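Listed below, chain by chain, are the residues.
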Amino acid sequence: MWFRNLRIYTLGDDFSLPDNLDERLQQHPFRACGRQELASFGWTSPFGTAHEVLSHQIGNSYLFCARKEEKVLPSAVIQAQLEEALEHIEAEQGRKVVGKEKQNLKEDITQRLLPQAFSRFRNTWGMLDTDLGIVVVDASAANKAEDFLGLLRSSLGSLPVKPWFCEQPTELYFTEWLKQAEIAPGFTFGAEVELRDSDDGIVRYRQHELTGTEIETHLAHGKQATKIALEWQQRVNFVLEQDLAIKRFKPTDLMLDEQDKLVDATAEQKIDADFALLSGEIKAIFPQLVGLFK
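Residues numbered from 1 in each chain as written. Predicted model: local features only at pLDDT ≥ 70, side-chain atom pairs only at ≥ 80, totals over all residues. Heavy atoms only, no water.

Asks: Now, about the overall build of the protein: what can you tell me, with residues and values included?
Replies: Looking only at helices and strands, one finds eight helices and twelve strands in the protein. Against the compact-globule benchmark of 19 Å for 294 residues, the protein has a radius of gyration of 24 Å, which places it well outside the compact range. With respect to the three principal axes, the spread of C-alpha positions in the protein is 75 × 55 × 40 Å. Split into buried and exposed, the 294 residues of the protein put 42% on the buried side. (Helix = DSSP H or I, 4+ residues; strand = E, 2+ residues; numbered from the N terminus. Rg over C-alpha atoms; globule rule 2.2 N^0.38 Å. Buried < 20%, exposed > 50% of the residue type's maximum accessible area, 1.4 Å probe, protein only.)

Asks: Explain the side chain of Glu-241 to me, using residue names and the numbers behind them.
Replies: Tracing the backbone through its elements, the reader meets Glu-241 in strand 11 (residues 236-241). Within the local environment of Glu-241, its side chain forms a polar contact with the side chain of Lys-227, the two groups lying 3.5 Å apart. Residue contacts for Glu-241: discarding those within four places in its chain leaves Phe-174, Thr-226, Lys-227 and Lys-247. (Polar contact = N/O pair within 3.5 Å; in protein donor to acceptor, adjacent residues only side chain to side chain. Contact = heavy atoms within 4.5 Å.)

Asks: Lay out the packing of aromatic side chains in plain terms, naming residues and giving numbers.
Replies: In total, this model carries eleven aromatic pairs according to the counting rule given. When the centroid spacing of 5.4 Å and the interplanar angle of 45° are considered together, the rings of Phe-174 and Trp-177 count as tilted. In this pair, Phe-174 and Trp-177 both sit in helix 5 (residues 170-180), three residues apart, roughly one turn of the helix. Comparing Phe-174 with Trp-177 shows no difference in burial state: the two are buried. Arranged with centres 6.3 Å apart and planes meeting at 45°, the rings of Phe-238 and Phe-249 form a pair that is tilted. Within this pair, whereas Phe-238 is found in strand 11, its partner Phe-249 is found in strand 12 (residues 246-251), the two being separated by eleven residues in sequence. The same class applies to Phe-238 and to Phe-249, which are both buried. (Phe/Tyr/Trp six-rings, centres within 6.5 Å; stacked < 30°, edge-to-face > 60°.)

Asks: If you had to explain the nonpolar core to someone new, which residues and values would you point to?
Replies: By size, the foremost hydrophobic cluster in this structure holds 49 residues, and its most contacted members are Trp-177, Leu-178, Phe-238, Leu-240 and Phe-293. Per-element tally for this core: the top contributor is helix 8 (residues 267-291), with eight residues. With sequence-adjacent residues up to four places away left out, Trp-177 is seen in contact with Glu-182, Ile-183, Phe-189, Ile-228, Leu-230, Leu-240, Leu-292 and Phe-293. In terms of nonpolar packing, the next biggest core, distinct from the first, is built from 22 residues, Leu-17, Leu-21, Phe-64 and Ala-145 among them. (Core = buried A, V, L, I, M, F, W, Y, C linked by side-chain atoms within 4.5 Å.)

Below, the structure is given as structure tokens:
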């Protein structure tokens, strides 16, 4: 278990975690879709479906896992049956079906096919750290993170959060780092960048030196950096995006080599060790990330 994406949200100063956390989570457990349901969303154990505990705590960091089931009904199948039904009605009654009646017919077909649909499952991991006052969601897309936050808000009763942001546009910072060919101590440039100009022209580089003449030329012609790869303390690599979402958050080999190797560890022990590692790194890196934008 390691978060590959970090969408970070800051908690309001008045937030406090309820004492009966587990009881509140138990009110919103994941359950399989009913025969006529398109989707189901709820908490599952970080340790797997065989376990009942719905959160895991290390210090003041809490780990959660939300599970979603979605029924998969190919639109082509629904459309084919809808066209067949429309043709039948037109032949039998001599009229065309349009508007709301057509929509209702489509919904009826969908409901009839649901019991035959395949299921797609997805887990979304997240953590809440009361020391840092943040919620971190492992989601590549903002809407998936919002789904997680919505479930957590429903469970806790209140969740005053807002996306982590800085006062000035992030591209101004990214671009200045490249122009100066340096960044704050502890951080180094990776090998990926995205450059844009006011005409929506985009240049993307991967596996490319970010401090060379080629990048400088683009900057001199008015392009700004909107995505940039960084490394922190030779411990983690990541791509920082314009909205401060962190993608491809990966531990380096150096960091992994420093960790104690668990011998014959259970699945539960591995989850515990991974979360200890992850939460420790986030505790260390987040204040320094904030410091980049001051």
